[in-house]
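As a plain string of letters, each chain reads:
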Amino acid sequence: MALLDTRARDIRNLPGVGVTAALAVAFLYAPILFLMLYSFNDGRSISRLDGLSFRWYRAVFANEEIGGAALNSVLLAVIAASLATVMATAAALAMVRMRVRRKAATYAVLNFPLMVPEIVTAIASLIFFSAIGLGLGFGSLVIAHTTFCIPFAYLPIAARLTSMDAGLEVAAADLYARPLRRFALITLPLLAPGLLSGWLLAFIVSLDDFIISSMLSGPGSTTLPVHIYSMLRLGITPEVNAVSSLMVLASALVVILSGLISRRKT
Amino acid sequence: MQDHGDACRLTGLGRTYGRGASAHHALGGIDLAIRANEFFTLLGPSGCGKTTLLRLIAGFDQPTVGEIAIFGRNVAGMPPEDRPVNTVFQHYALFPHLTVAENVGFALRMLGRPRTEIAATVARMVELVGLEGMEKRRPDQLSGGQKQRVALARALAPGPKILLLDEPLSALDAKLRQRMRSELKALQRETGITFVFVTHDQDEALAMSDRIAVMQGGKVQQLGRPEEIYEAPANRFVADFIGGANLIPARMGPEGAVAEGLGTIPATGTGGAEVTLAIRPERLAILPAGGHQPGDLGPLTVAERIYMGNELSFRLEGAAVPLHVTLPRGGLRGALDFAPGDRVALRPEAGAIRLLAS
């Protein structure tokens, strides 16, 4: 054993850890489990179980408004995440690999959307888009979502790029690879895990957004969270539980998928 | 032998970083002609400019002043991908997502060579460095020595006119380093490629090189064959850096150089001039004081006896600076041993004392 034993102490030896952890987990997940359980309710009540059925799931899949909103959300998230990933990659390449003047200021501007209260961004975008005559709708949503997704895509990409050996690109140049091929054959494949986590993070953040989407979506471009909120105004039915459970399932699948891919990559 | 001209000619080469008062002159006034087919070594301590020079030849960096010609062709402003030069990097820089075969074939693929030619060359290179059967492995499945071989094969595969090696052995353990020295030297002889080898390790440089340029402070201090560098160092720095030498201050008198505590060493020079005497620790015989002969130095006092297994070393006091004398193990059999406090004299081998301008 080393003279200085730097092995971490087992957290379970700290007093009260078990109780605290159990409470935290309960408060985090009990509501979600509750919601999922009642999504299988055979009755209309959201507080009394009248047997189990897939009735409300059938209702969700039969509801064209929910289907349309879900499609909008996914389409918007795919487009916004992809655009944000491209821009974040360009930004990360410049910030990590090149000499940039006022780097700290540039970094702050890049991450600005993380710090500004979302309601402010939402109202500002609403006013700005109507002032320049852009109007509400899918186009405005794409612009706004891309903007606030950039920092989420940027962080994992920049982290990956920082940990990558810049010497590999020099070595590729030494071995007769021109700049575009260096990027395509060396930088891009090694950056792939960062690109994937950046894209997924942006995708989830976009899919999940409510405040900005509720301000900017016009008729026909309603996203799923906005639509669920509007359903609540007509009273809570297990149908809301069912569609929410489906969203949880979709998010979980995305997270598991990214975990599996990143494990295989490394 | 056919005349190949110079592989690489450097003229008035300099590299300065920054501007004005904070400018750092990493390299200045370098004039070198590296011959074709030669094993040429840039030797010096860290920060001496040797790696900067290598980067300029490879094209990773551009000189502030001066010219570089590779086989007669001026390569000013030319990016690395256009130079007929390949590099073995200090930490190998193997592409982690490519297999050994893909790493070795990378340059040929970039040059657009046909698939069959690439496969044949890769097979030949893998065999040359003794990595048969490892073609499908990735770099993280290789040991340090194997990575070193892949890096070598990858740089040799496109058939460079000059191979640059940046401290390629420094990351290996001592035993492997010893073996790779011989292999590198043999490889250079077999391929006939000009090697430009950068190292801070004088043993490596002496063992492998045809010629060595000793560098310090961004300048070449001495250029010559290993024997010349070792036996006839041009200045204090070279004498001290290569092999270590006793550097003794002296003043020229009528009969030779007079050194405090040692006596007069026959030499000619301007009277009164300050000079430095350089003497290798292993080129001095040590004997008991008393039987003093003309030409012996001393007497001196033994201050420390240092046993190092294959040799025995003494630190002597009584001169202007402490002197070191090293006896090979064979010398011990002559029962020549001394303890601290013993009075001794020194008898230099013929031609062992070099006079350097100080």
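Residues numbered from 1 in each chain as written. Chains lettered and ligands numbered in written order. Predicted model: local features only at pLDDT ≥ 70, side-chain atom pairs only at ≥ 80, totals over all residues. Heavy atoms only, no water.

### Notes on the packing of aromatic side chains
Okay, so step 1: The final tally for this structure, using the stated rule, is 14 aromatic pairs over all chains.
Okay, so step 2: Arranged with centres 6.1 Å apart and planes meeting at 65°, the rings of F54(A) and Y57(A) form a pair that is edge-to-face.
Okay, so step 3: Residue F54(A) is classed as exposed on the basis of its relative accessible area, which comes to 53%.
Okay, so step 4: On the accessibility criterion, Y57(A) (11% relative accessible area) is buried.
Okay, so step 5: Ring centres of Y107(A) and Y154(A) lie 6.2 Å apart, and the angle between their planes is 65°; this geometry places the pair in the edge-to-face category. Of the two residues, Y107(A) is situated in helix α4 (residues 103-110) and Y154(A) in helix α7 (residues 138-163); the sequence distance between them amounts to 47 residues.
Okay, so step 6: Using a relative accessible area of 39% as the deciding quantity, one classes Y107(A) as partly exposed.
Okay, so step 7: Just above the ring of F71(B) sits the side chain of K161(B); from NZ or CZ to the centre is 5.5 Å.
Okay, so step 8: A cation over an aromatic ring shows up here: R280(B) above the ring of Y230(B), its NZ or CZ 4.1 Å from the ring centre. (Phe/Tyr/Trp six-rings, centres within 6.5 Å; stacked < 30°, edge-to-face > 60°. Buried < 20%, exposed > 50% of the residue type's maximum accessible area, 1.4 Å probe, protein only. Helix = DSSP H or I, 4+ residues; strand = E, 2+ residues; numbered from the N terminus. Lys NZ or Arg CZ within 6 Å of the ring centre and 35° of its normal.)

### Description of the sheet that holds strand β4 (residues 65-70) of chain B
Think of a sheet as strands paired side by side through backbone hydrogen bonds, with each pair either parallel or antiparallel.
Residue and element names in this part refer to chain B.
Okay, so step 1: Taken together, four strands build an open sheet; the order of strands is β2-β1-β4-β5 and the sheet is antiparallel. In this open sheet, the two strands that pair with only one neighbour each are β2 (24-35) and β5 (73-74).
Okay, so step 2: Alignment of strand β1 (residues 6-17) against β2, held across eight bridges, turns out to be antiparallel. Of the residues in β2, the one forming a bridge with C8 is I34.
Okay, so step 3: Sheet strands touched by helix α1 (residues 50-58): β1, β2 and β4. Its angle to β1, the strand with the most contacts, is close to 120°. (Pairing = 2+ DSSP bridges. Contact = heavy atoms within 4.5 Å. Axes fitted to C-alpha atoms, helices over the stretch in contact; angles between N-to-C directions.)

### Considering the interface of chain A and chain B
Okay, so step 1: Each partner contributes residues to the interface: chain A has 18 residues there, and chain B has 23 residues.
Okay, so step 2: Counting the surface lost from both chain A and chain B, the interface buries some 1,800 Å², and carbon and sulfur atoms represent 65% of this.
Okay, so step 3: Its largest share of buried area at the contact with chain B, chain A owes to D174(A), L175(A) and Y176(A), together 42% of the area lost on that side.
Okay, so step 4: Put simply, chain A and chain B have two salt bridges between them.
Okay, so step 5: Close ionic contact of R182(A) with E81(B) constitutes a salt bridge, the shortest N to O distance being 3.4 Å. (Buried area = accessible area lost by both parts, 1.4 Å probe. Salt bridge = Lys/Arg side-chain N within 4 Å of Asp/Glu carboxyl O.)

### Focus on the sheet that holds strand β7 (residues 162-166) of chain B
All names here are of chain B.
Okay, so step 1: Strand order across the open sheet formed by six strands is β6-β7-β8-β3-β9-β10, with mixed pairing between neighbours. The open sheet terminates on both sides in strands that have one partner only, identified here as β6 (85-88) and β10 (219-224). Mean inter-strand twist for the sheet, computed between neighbouring axes without regard to direction, equals 20°.
Okay, so step 2: On top of the sheet, helix α4 (residues 144-156) reaches β6 and β7; it is set at about 175° to β6, its chief contact.

### Focus on the confidence of the model for chain B
Note: predicted coordinates in regions of low pLDDT should not be interpreted at a detailed level.
Residues and elements named next belong to chain B.
Okay, so step 1: Mean pLDDT over chain B works out to 89, with 96% of the residues at or above the 70 mark.
Okay, so step 2: Looking at the elements of chain B, mean pLDDT is at its lowest for helix α9 (residues 329-332), recorded as 57, and at its highest for helix α2 (residues 100-110), recorded as 97.
Okay, so step 3: Scored by ipTM, the complex comes to 0.84, with pTM at 0.81. (pLDDT = per-residue confidence, 0-100.)

### Describing the domain arrangement of chain B
Residues and elements named next belong to chain B.
Okay, so step 1: As assigned here, chain B comprises domain 1 (36-51 + 80-238) and domain 2 (245-357).
Okay, so step 2: Each partner contributes to the interface: domain 1 provides eight residues, whereas domain 2 provides seven residues.
Okay, so step 3: Interface area lost by domain 1 to domain 2 is led by Y230, P233 and R236, which between them contribute 70%.
Okay, so step 4: Between E231 and R283 there is a salt bridge, with its nearest N and O atoms 3.2 Å apart.
Okay, so step 5: Scanning the region where domain 1 abuts domain 2 turns up four residue pairs in polar contact (both at pLDDT 80 or more).
Okay, so step 6: Sort the elements by how many residues they give to the side of domain 1 that touches domain 2 and helix α7 (residues 226-231) lands first, with three residues.
Okay, so step 7: When the residues that make up the side of domain 1 that touches domain 2 are grouped by side-chain class, the tally is five nonpolar, one polar and two charged. (Domains from an automatic or database assignment. Polar contact = N/O pair within 3.5 Å; in protein donor to acceptor, adjacent residues only side chain to side chain. Nonpolar A, V, L, I, M, F, W, Y, C, P; charged D, E, K, R; others polar.)

### Quick word on the pattern of salt bridges
Residue and element names in this part refer to chain B.
Okay, so step 1: Under the definition given, this model contains 20 salt bridges over all chains.
Okay, so step 2: Across the pair E349 and R283 runs a salt bridge whose closest N-O atoms are separated by 3.1 Å. With E349 in the loop between β19 (343-348) and β20 (354-357) and R283 in the loop between β14 (274-279) and β15 (284-288), this pair connects stretches of sequence that are 66 residues apart.
Okay, so step 3: What makes E349 partly exposed here is its relative accessible area of 42%.
Okay, so step 4: When its relative accessible area of 18% is taken as the criterion, R283 is described as buried.
Okay, so step 5: Between R315 and E304 there is a salt bridge, with its nearest N and O atoms 3.1 Å apart. Residue R315 is found in strand β17 (residues 311-317), and its partner E304 is found in strand β16 (residues 297-307); the two are separated by eleven residues along the sequence.
Okay, so step 6: The exposure class of E304 is partly exposed, given its relative accessible area of 33%.
Okay, so step 7: Overlapping salt bridges bring together R149, R179 and E183 as one network.

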